[in-house]
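Chains, contacts and geometry: an overview
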Amino acid sequence: MKLSEIVSIRREQAAIVLEDGLKNKALAGTFTPTQASITILKKLLRAVAPDAAFNERAFNWFGTYGAGKSRLAVLVGQALSGGVGGSDFETFLNRLVDMNEGALAKSLKSNFLPPEDDDARPYFVVPLYGNRATSVQAALVEALYTSLVSSGFDPAKLMPKTAFDVALDRIAKMLEQSPAFASEFLPKRNIGDQYLQLSDLQEALQNREAAALDFFVKWHKAVTFGIEFAPENFGAKSFHAIYSDAAAALQKKNYRGIAVIWDEFGYALEDMLTNSARNPQAEIHDLQRFVEQVCTPSQGHTLFIGLTHVSLGEYGPRQGATEGVRENLTKIEGRFTILKVEMKAAESEGYHLLAAQVAKTEKGRAALDANRENATKVIDACQRLELFSHLGSEVEFVAKQCYPLHPVTTAGLLALSNNYAAATRTAFHFLPELEDRGRLDIDVPQDTLYRHELVRIPELVEYYGERMRRSGLEEQLDVHYKNLSQLESDGADVQDIAERQNIMSTIFLSSVLAAGFQPNDEFLSAALHDARFDNPECEGLRKALLWLRASNKMSFSKCASK
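Each chain has its residues counted from 1, following the order in which its sequence is written. Note on the predicted model: pLDDT of at least 70 is required for a residue's local features to be given, and 80 or more for side-chain atom pairs to be given and counted; whole-chain, interface and lining totals, by contrast, use all residues. Calculated side-chain values reflect all of the structure's heavy atoms, with hydrogen atoms and water omitted.

Turning to the overall build of the protein, a few remarks are in order. Put simply, DSSP marks the helices as runs of H or I at least four residues long and the strands as runs of E at least two long, and each gets a number from the N terminus on. A tally of regular secondary structure across the protein gives 26 helices and seven strands. Taking the principal axes of its C-alpha atoms as reference, the protein extends roughly 95 × 55 × 45 Å. Per-residue burial over the protein gives 53% buried out of 562 residues. With the model as given, the accessible surface of the protein reaches about 25,000 Å², and the carbon-plus-sulfur share is 48%. In summary, the charge assignment counts Lys and Arg as positive and Asp and Glu as negative, without counting His or the chain termini. The location of each charge is read from NZ of Lys, CZ of Arg, CG of Asp or CD of Glu. Looking at the protein, you have 61 positive and 73 negative side-chain charges, and the mean spots of the two groups are 3 Å apart. To sort residues, take the accessible area from a 1.4 Å probe on protein chains only and compare it with the maximum for the residue type: under 20% means buried, over 50% means exposed, and anything in between is partly exposed. Surface exposure here means Shrake-Rupley accessible area, sampled with a 1.4 Å probe, where a residue is shielded only by the protein chains that are shown.

Structure (structure tokens):
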């Protein structure tokens, strides 16, 4: 029987698309709270208080790919816009109560009332994703306009005159004076070929497309023989004033204010820092003024939530920005509440997401159920470890639902992903890549499942090795691989060598992982053999440890117990 006949890997995108997720009310019921998300929800309650400071209403949530930022943003967006009501949110609130966060659950319910409640004061949510607009300011104005239209509001009644409006007015006046502009072939101006005629440009400006405004500025300069277009000279408001006025207008419609939720805000920052057509110094300064002005009012304010992979200040050196830009990015961090989003190995959210990637066949379910005694050995061994002390009965879920990952491997995968994730090296890419490498094509005896076919923690070295090397562990990895190459020096058999390799790889990974992964006898015996150290199943482990200590291949003074 092949392992692939028992399980397959679901390839659906694990990420949540913010705008779509906000419409899916069922997602609230699937959210499992983590300590990071609980901290953020408490900060959110502070942010909506009338006396909150502007930097308490401007957030930068950062964390690696797959850490759960978008899922949390959906939960928060739904709470802000539609309140914490209904059966799906009730499921989430009950989970908070189970985690001894009953006070938080009660506060969320009383602060974010469902729309049917007469006292409900929701936020008008403006979602953004990525966006490589001509500026951060233009992206924010375009998103506000689009959100108002999609919600059935007339932007003209809620927003003051914008640069788009005065650009359209300017085109209209220029057409009155020079009707020939209407039939002109715009690419002949050598300013771009996005728009063929002025009517195309007008339509794009009406849709508040940032690229159209940039094109208009160039066109205006070309046809007026060098006169720069300054929107404020024609009555346009700044983007800070646009948000302030819109929030005040929405307040009259019973909204508490505006909530900007910008997923992949880091993409916008990267483009700002690397696009030669943009002015990062000016944009950073404008973003600072935006936060200071629109996030300040007690009523009719704006919440700003920017989701990134690293904190704001880290984007400067990563993108090779000038010293002045780096300093300004670091400075602007003080205008935000910076919070890290991560899934720790002691929390269940990551395990549930990984389990959702595993699909079991009917034949596989039957075979696994027939081997439940072996599964119990895995569960019992892991429940004795400090690593799983906070999971309780969830260990059984991890062992059975994340199969064929061993629970210690699953915990290590989440911990490594937090520290060494990249676009192609997250916890949620591990299982698909495992399948691609043919790991599920191995033959497994149908009556001994939950044994040798399990993916154990040493296999993670291969997956994350190169990423760890690029993160400053090159010397440690080289020493580790050199030690592995010397394990055959005494003519040991294949099984003894494999045991030594597994021990050394486990110890190496433990040295870069968080607390809970200390490779003492109990940990090694559970991670590699699902048994107590003095059990017969661990005879090979004990023999290998004696050889490694005697040969001085590794120092065990700080790791494995003697």
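After that view of the structure, there is still more to cover.
Looking at the secondary structure, you find Lys360 in strand S7 (residues 358-360). A polar contact is formed between the side chain of Lys360 and the backbone oxygen of Lys400, at a distance of 3.1 Å. With residues up to four places along the chain from it excluded, the contact list for Lys360 reads Ile6, Val7, Arg365, Leu368, Lys400 and Gln401. The term polar contact refers here to a pair of N or O atoms within 3.5 Å; inside protein, the definition further demands a hydrogen-donor-capable atom paired with an acceptor-capable atom, and it admits residues adjacent in sequence only when both atoms are side-chain atoms. Contacts are assigned to residue pairs with any non-hydrogen atoms lying within 4.5 Å of each other.

Where a protein is soluble and globular, its nonpolar side chains tend to be buried together. Here, nonpolar core refers to any group of buried Ala, Val, Leu, Ile, Met, Phe, Trp, Tyr and Cys residues whose side-chain atoms link them within 4.5 Å. Judged by nonpolar contacts, the single largest core of 71 residues is most densely connected at Leu140, Leu144, Leu205 and Trp219. With nine residues, helix H7 (residues 136-150) is the largest single contributor of residues to this core. The residues contacting Trp219, other than those within four sequence positions of it, are Ile171, Met174, Phe181, Glu184, Leu186, Ile191 and Leu198. Counting 59 residues, the second-largest nonpolar core is a separate cluster that includes Ala375, Ala415, Leu513 and Phe523.

Here, any two strands with at least 2 DSSP bridges between them count as paired. Overall, parallel pairing links the five strands, which are arranged S3-S4-S5-S2-S6 in an open sheet. Of all the strands in the sheet, the pair left with one neighbour each is strand S3 (123-129) and strand S6 (337-340). Averaged over neighbouring strand pairs, the angle between their axes works out to 15 degrees when direction is ignored. Sheet topology places strand S2 (residues 58-62) next to S6; four bridges connect them, and they run parallel. Looking across to S6, one finds that Phe59 is bridged to Thr337. In this analysis an axis means a line fitted to C-alpha atoms, helices contributing only their contacting stretch, and an angle means the value between N-to-C directions, from 0 to 180 degrees. Strands S3, strand S4 (257-263) and strand S5 (301-308) of the sheet are contacted by H7, whose axis makes an angle of about 125 degrees with S3.

This part is about the pattern of salt bridges. Salt bridge, as used here: a side-chain nitrogen of Lys or Arg that lies within 4 Å of a carboxyl oxygen of Asp or Glu. Applying the stated criterion across every chain, the model contains 24 salt bridges. Across the salt bridge formed by Asp165 and Arg208, the nearest N and O atoms sit 2.1 Å from each other. Here Asp165 is found in helix H9 (residues 163-177), whereas its partner Arg208 is found in the loop between helix H10 (198-206) and helix H11 (210-223), with 43 residues between them in sequence. Both residues of the pair, Asp165 and Arg208, count as buried. Residue Glu184 pairs with Arg189 through a salt bridge whose shortest N-O separation is 2.4 Å. Taking relative accessible area as the criterion, Glu184 reaches 16% and is therefore assigned buried. Residue Arg189 is classed as partly exposed on the basis of its relative accessible area, which comes to 29%.

A residue's pLDDT is the predictor's confidence in that residue, given on a scale from 0 to 100. Summarising the model, the protein shows a mean pLDDT of 90, and 94% of its residues fall at 70 or more. Note that residues 556-562 has pLDDT below 50 and, in this model, 18 contacts with residues that lie over four places away or in other chains.

Between helix H22 (residues 427-436) and helix H23 (residues 459-485), the shortest axis-to-axis distance is 12 Å and the interhelical angle comes to 115 degrees. Helix-helix and strand crossings are classified by hand; for H22 and H23 the assignment is right-handed. From H22, Ala427, His429, Phe430, Glu433 and Leu434 reach across to H23, where they touch Glu459, Leu460, Tyr463 and Tyr464. Residue classes in the contact of H22 with H23 are distributed as six nonpolar, one polar and two charged. Each crossing is labelled by how the near helix is turned from the far one, with a counterclockwise turn of less than a right angle marking it left-handed and a clockwise turn marking it right-handed. When residues are grouped by polarity, Ala, Val, Leu, Ile, Met, Phe, Trp, Tyr, Cys and Pro land in nonpolar, Asp, Glu, Lys and Arg in charged, and all others, Gly among them, in polar.

One can find Arg256 in the loop between helix H12 (239-251) and S4. Considering only alpha carbons, one finds Arg256 and Tyr123, 133 residues apart in sequence, at a separation of 5.3 Å. With near-sequence residues (within four places) excluded, Arg256 lies in contact with Val48, Asn111, Phe112, Arg121, Pro122, Tyr123, Gln299, Gly300 and His301. Polar contacts involving the side chain of Arg256 include one to the main-chain carbonyl oxygen of Asn111, which spans 2.8 Å.

Taken across its ten residues, helix H13 (residues 265-274) has seven buried, putting it largely inside the fold. By the burial criterion, the buried members of H13 are Phe265, Gly266, Ala268, Leu269, Asp271, Met272 and Leu273.

Checked against the element boundaries, Leu158 lands in helix H8 (residues 155-158). Separated by 83 residues in sequence, Leu158 and Leu75 place their C-alpha atoms 27 Å apart. Apart from residues lying up to four places away in sequence, Leu158 is in contact with Leu148, Phe153, Asp245, Ala246, Ala249, Leu250 and Lys253.

This next bit is on the packing of aromatic side chains. The pairing test for Phe, Tyr and Trp rings, Trp by its six-membered ring, is centres within 6.5 Å, and the orientation test on the planes gives stacked under 30 degrees, edge-to-face over 60, and tilted for anything in between. All chains considered together, the criterion is met by 22 aromatic pairs. Ring geometry for Trp262 and Phe265: centres 4.7 Å apart, planes at 55 degrees, overall tilted. Accessibility assignment for this pair places Trp262 and Phe265 in one class, buried. By the ring-pair criterion, three or more aromatic residues cluster together here, those being Phe239, Tyr243, Trp262, Phe265, Phe290, Phe304 and Phe336. Any Lys NZ or Arg CZ that is within 6 Å of a ring centre and within 35 degrees of that ring's normal is treated as a charge sitting over the ring. The cationic tip of Arg500 hangs over the ring face of Trp547; the distance from NZ or CZ to the ring centre is 3.6 Å.

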